[in-house]
Amino acid sequence: MQNQIEAWIDETIAAHSHLKKSCACFERTFQGYYPFEFLEDSYFVVVDKLPKPNFPELRDLGLSDFLDAEFEGITYKNTYFITKGHERNMSLHFHELVHVQQWKLLGASAFISRYIQEMGSYGYMSAPLEIMAYDYQHKFERKETISNLLHSIAIEM
Ligand SMILES: [Zn+2]
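Residues numbered from 1 in each chain as written. Predicted model: local features only at pLDDT ≥ 70, side-chain atom pairs only at ≥ 80, totals over all residues.

### A short note on the overall build of the chain
- Check the secondary structure of the chain and you find eight helices and four strands.
- Along the chain, helices and strands appear, N-terminal first, in the series α-β-α-β-α-α-β-β-α-α-α-α.
- Its C-alpha atoms give the chain principal-axis dimensions of roughly 40 × 35 × 25 Å.
- Every one of the 157 residues in the chain was classed for burial, and the buried ones make up 25%.
- For the chain, long-range pairs separated by at least 24 residues make up 63% of all intrachain contacts whose partners lie at least 6 apart in sequence. (Helix = DSSP H or I, 4+ residues; strand = E, 2+ residues; numbered from the N terminus. Buried ≥ 20, exposed ≤ 12 C-beta atoms within 10 Å, placed from the backbone. Contact = placed C-beta atoms within 7 Å.)

Structure (structure tokens):
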């Protein structure tokens, strides 16, 4: 299942490669949070509808709510997709970049299995990977200082 999803992710990212923009443009906004090298290697794509792997097996695992819900953003590896109209929503960009780091730390296969497991057992709002992303997003919104954000995420995994 993970392999199937990862293949779908690679195809999806490749299909949008002409629309990908590097997050290096957010260097100033995210100064003190995300280092430039990390932003430079992270990408976002603006779409009308977020691409999701609509495999029936995922519904069997209890992910129907996740697959049917309309989110504003979703992250696959070092690329996240956001819906049109949210291009300037920096909290959303910040949130998805937490997921980019989570993907990097776990690796694709482990991220996919953990995310599926969390969605199935906790649901979207209570999934630990989501809670972590929302916590950091809220700190950014409150302009709180976070010393070494990427490392903080790593030790919370
Ligand atoms: Zn999230």
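### Some thoughts on the sheet that holds strand 3 (residues 73-76)
- With mixed pairing, four strands are arranged side by side in an open sheet as 1-2-4-3. Bordering the open sheet on either side are strand 1 (21-22) and strand 3, each of which pairs with just one other strand.
- Relative to strand 2 (residues 43-47), strand 1 runs antiparallel, the two being bridged by two bridges. Considered in strand 2, the bridge of Lys21 is made with Phe44.
- Packing of helix 5 (residues 90-106) onto the sheet brings it into contact with strand 2, strand 3 and strand 4 (79-83), and relative to strand 3 it is tilted by some 20°. (Pairing = 2+ DSSP bridges. Axes fitted to C-alpha atoms, helices over the stretch in contact; angles between N-to-C directions.)

### Digging into helix 7 (residues 128-141)
- Between its first and last C-alpha atoms helix 7 spans 20 Å; for 14 residues at 1.5 Å apiece the expected length is 20 Å, and the two agree.
- Taken together, the buried positions of helix 7 are Ala133, Tyr136 and Phe140. On an axial view of helix 7, the arc spanned by its buried residues comes to 70°, and they lie on one face. Seen from the open side of helix 7, the exposed residues pointing more than 90 degrees away from its buried face are Pro128 and Glu141.
- Check the buried side of helix 7 and you find it contacts helix 5 and helix 8 (149-156).
- One or two positions beyond helix 7, positive phi appears at Lys143, with a value near 60°. (Expected span 1.5 Å × (residues − 1). Arc of directions from axis to C-beta.)

In short, the description is geometric, and any link to function would need to be established separately.
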